[in-house]
Amino acid sequence: MKFSSFFIPTLKNIPAEAEIISHQLMIRAGMIKQASAGIYSWLPLGLKVLKKIEHIVRDEQNKAGAIEVLMPTIQSADLWIKSGRYEDYGKEMLRIQDRSGREMLYGPTNEELITDIFQSYITSYKDLPKNLYHIQWKFRDEVRPRFGVMRGREFLMKDNYSFDLTEEDSKISYNKMFTAYIKTFLRMGLTPISLRAETGSIGGNLSHEFQILAKTGESTLYYDKDLEKIDPETINPDKLQSYYAAVDGLHDEKNCPISKEQLKISKGIEVGHIFYFGTKYSEKLSAFVQNNKGKKTAVHMGSYGIGISRLVGAIIEAFHDDKGIKWPISVAPFHVSLINLMIDDKACAKMSNIMYEKISNSKLDVLYDDRDCSIGKKLSDNDLIGIPYQVIIGKRDLKDNIVQLKNRLNNETKKISPEEALNFLLEQTLTDF
RNA sequence: CGGGAAGUAGCGCAGCCUGGUAGCGCACAUCGCUGGGGGUGAUGGGGUCGGAGGUUCGAAUCCUCUCUUCCCGACCA
């Protein structure tokens, strides 16, 4: 993609409406535009990142045996009246009427709908377990939306729902998701910390929230430092759940079961939450199956959420410096930024075009900065948008057959030949496209 | 929902107190000089000052109402 023909409206000024760094950077990097309070349009660069995150989440869900469906954003109030949540949800639920005066709502979550789908078709224990997920926009009319996409009113969420015959089976499904969540966040370059959580209004008795470490995070986490050392190949959910981990209000210094040396305190951002809630919804919404004795029994359910749009902001909170964003390669909008410092110089243009073609023909996604603007603007824009590798082609170095290869994650720059730069890039292991 | 603040050019802001033909920086356009970290000179375009009503000869400025946005708190799968 050529920068000049793409659409990345970068800004030099920090918009007054943005308070936290990820929100500022997302606006300055031309990723989003606010449409109204807590509601955003996703511009091309932001959309690319959103899709990357969505892809990783989807891939790990599929690998864990979950099956994708797609439920509507607009739901009828009927099922919610049945489950009793039409009243409970209060003003956070955006309620609307269709033309014939029927009560509708913009879905804040999907337990009701999915349970209805389940009970319409599944009647035998032989069809269990089932785990259905979808990735869909939700709307919660927050009293006070803030922090950009981290706490918007409209947000993209992956939510899934497991259905099992027994509590024990449900725990297996729960642990599968627990493992999938850890893998998902590790793949995004994040450090996930799992914490036992309060179940709140959703009900049930087992719940974990997943926070990712970021210096600017909202919550303070107290946890066993071994939780940071997770090998994605050998994740053991029971073991991970046995480690000590607590958020701010729940940590009690006096009764903390682990030593001071072992305890670590860091800031985190919540990006996922999983629940086991038994038969709460299945009973109300008639999700029964027959067991092997022919007896009707309510299925045991769990629900599992990942805030996909929130992750875009959360990842920036975890990966940025004073110049801009530093994308982990698995979620980066492009893998390589090819920067031609001197578009009027024939040698620079020629070398840039050759490299652009070669990188384009590989698995790498390249953004070619061919804009006619000052060098300073080019370099600072590219640091701002944070593509992991920059190849900088300038007149001075090119005379000696040298280009600069910059790693945006650590800002190290190597002066090497174009061939070496190309070989280095093509050898990168990229698990996610 | 309680408390606070702000709406003036695409973005960031001044002007308002003390009413008199709307300004700065960035961005944008044209031309020139530059050319390895937001370079520079000249010229130029762009705003019914969030909206409605009122006071006044005259309102961005004073008064009333209203809409929107943000911050602190409470709230929060």
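Conventions adopted
- Each chain carries its own residue numbering, running from 1 in the written order of its sequence.
- Whichever chain is written first becomes A and whichever ligand is written first becomes 1, with later ones labelled in order.
- Local features in this predicted model are restricted to residues of pLDDT 70 or higher, and side-chain atom pairs are both shown and tallied only at a pLDDT of 80 or more, whereas totals for entire chains, interfaces and linings draw on every residue.
- In computing side-chain values, all of the structure's heavy atoms are included and hydrogens and water are not.
- Strands here are runs of E lasting at least two residues and helices are runs of H or I lasting at least four, both read from the DSSP assignment and numbered beginning at the N terminus.
- Each residue's exposure class comes from its accessible area (1.4 Å probe, protein chains only) as a fraction of the maximum for that residue type: buried when under 20%, exposed when over 50%, partly exposed otherwise.
- Note on contacts: a residue pair is in contact if any heavy atoms of the two residues lie within 4.5 Å.
- To measure how exposed things are, a 1.4 Å probe is used in the Shrake-Rupley method; for residues, cover is taken only from the protein chains shown.
- Under the counting rule used here, the positive set is Lys and Arg, the negative set is Asp and Glu, and His together with the chain ends is not counted.
- Charged side chains are reduced to one point each, which is NZ for Lys, CZ for Arg, CG for Asp and CD for Glu.
- Polar contact is the term for a pair of N or O atoms within 3.5 Å; when the atoms are in protein, one must be able to donate a hydrogen and the other to accept it, and sequence-neighboring residues count only if both atoms are side-chain atoms.
- Domain delimitation in this document rests on an assignment produced automatically or drawn from a domain database.
- As used here, buried area is the combined drop in accessible area, with a 1.4 Å probe, of two parts when they are placed together.
- Whenever Lys or Arg places a side-chain nitrogen within 4 Å of a carboxyl oxygen from Asp or Glu, that contact is recorded as a salt bridge.
- Each residue receives one of three labels: charged for Asp, Glu, Lys and Arg, nonpolar for Ala, Val, Leu, Ile, Met, Phe, Trp, Tyr, Cys and Pro, and polar for the others, Gly being one of them.
- As used in this record, nonpolar core signifies buried Ala, Val, Leu, Ile, Met, Phe, Trp, Tyr and Cys residues forming a set joined through side-chain atoms within 4.5 Å.
- At least two DSSP bridges between two strands are needed for those strands to be called paired.
- Angles shown run from 0 to 180 degrees and are taken between the N-to-C directions of axes, each axis being a line fitted to C-alpha atoms and, for helices, limited to the stretch in contact.

Chemist: Can you help me understand the overall build of chain A in this one?
Modeler: Across its full length, chain A carries 13 helices and 23 strands. The burial tally for chain A puts 54% of its 433 residues in the buried class. Pairs at least 24 residues apart make up 70% of the contacts formed inside chain A by residues separated by at least 6 positions. In the structure as shown, chain A presents an accessible area of about 20200 Å², 49% of it carried by carbon and sulfur atoms. Here chain A contributes 59 positive and 58 negative side-chain charges, whose respective centroids are spaced 2 Å apart.

Chemist: Whenever I open this one, the environment of Ser76 confuses me. Can you help?
Modeler: Mapped onto the elements, Ser76 comes out in strand 4 (residues 74-76). Residue class for Ser76 comes out partly exposed when judged on its relative accessible area of 31%. For the pair Ser76 and Tyr106, spaced 30 residues apart in sequence, the C-alpha to C-alpha distance is 8.8 Å. Separated by 3.1 Å, the side chain of Ser76 and the backbone nitrogen of Asp78 make a polar contact.

Chemist: For this particular structure, what's the right way to read unusual backbone geometry?
Modeler: The phi angle of most residues is negative, glycine excepted, and most peptide bonds adopt the trans form. Between Leu128 and the following residue, Pro129, the backbone shows a cis peptide bond with an omega angle of 0 degrees. Inspection of the secondary structure puts Pro129 in the loop between helix 5 (111-121) and strand 7 (130-139). At Phe147, a residue that is not glycine, the phi angle is positive and equals roughly 60 degrees. Within the secondary structure layout, Phe147 lies in the loop between strand 7 and strand 8 (154-164). Residue class for Phe147 comes out partly exposed when judged on its relative accessible area of 23%.

Chemist: What is the right way to read the domain arrangement of chain A from this model?
Modeler: Interfaces are often described in size by the accessible area the parts lose on coming together. Each assigned domain of chain A is listed here: domain 1 (21-321) and domain 2 (334-428). Between domain 1 and domain 2 lies a buried interface of about 640 Å² when both sides are counted; carbon and sulfur atoms form 56% of it. Per-residue buried area on domain 1 facing domain 2 is highest for Leu45, Lys48 and Asp321; these three make up 55% of the total on that side. Where domain 1 meets domain 2, there are 2 salt bridges. Residue Arg408 is joined to Asp321 by a salt bridge in which the shortest nitrogen-to-oxygen separation is 2.8 Å. Counting across the interface, domain 1 meets domain 2 through 3 residue pairs in polar contact (both at pLDDT 80 or more). Among the secondary structure elements, those contributing two or more residues to the side of domain 1 that touches domain 2 are helix 1 (21-28) and helix 2 (44-63). The greatest single-element share of the side of domain 1 that touches domain 2, amounting to 3 residues, is contributed by helix 2. The class makeup of the residues in the side of domain 1 that touches domain 2 is 3 nonpolar, no polar and 4 charged.

Chemist: Please explain the nonpolar core as it appears in this structure.
Modeler: Nonpolar side chains in soluble globular proteins tend to be buried together. In terms of nonpolar packing, the biggest core is built from 71 residues, with Met31, Ile53, Phe185, Met188, Val312 and Trp327 touching the most fellow members. Residue contributions to this core peak at 7 residues, all from helix 6 (residues 167-187). Inspection of this core shows a minimum of three residues originating in each of domain 1 (21-321) and domain 2 (334-428). Residues within four places of Met188 in sequence aside, it is in contact with Ile53, Ile56, Val57, Leu311, Ile315, Phe319, Pro328, Ser330 and Val331.

Chemist: Sorry if this is basic, but what is going on with the pairing of strand 5 (residues 94-97) here?
Modeler: Here 4 bridges tie strand 5 to strand 6 (residues 103-106), and the two strands are oriented antiparallel to one another. Among the inter-strand pairings, Ile96 is bridged to a residue of strand 6, identified as Met104.

Chemist: Help me understand the sheet that holds strand 21 (residues 389-393) in this model?
Modeler: What holds strands together in a sheet is hydrogen bonding between their backbones, with the strands either parallel or antiparallel. Here 5 strands make up an open sheet; going across it, the order is 20-19-21-22-23 and the pairing mixed. The sheet is open, and its two edges are formed by strand 20 (366-369) and strand 23 (412-416), each paired on a single side. For this sheet the average axis-to-axis angle between neighbouring strands, irrespective of direction, equals 20 degrees. Judged from the 5 bridges that link them, strand 22 (residues 403-407) and strand 23 form a sheet pairing that is antiparallel. Counted as the bridge partner of Lys406 is Thr413 from strand 23. Contacting strand 19 (336-340), strand 20, strand 21 and strand 22, helix 11 (residues 375-385) runs over the sheet at an angle of about 175 degrees to strand 19.

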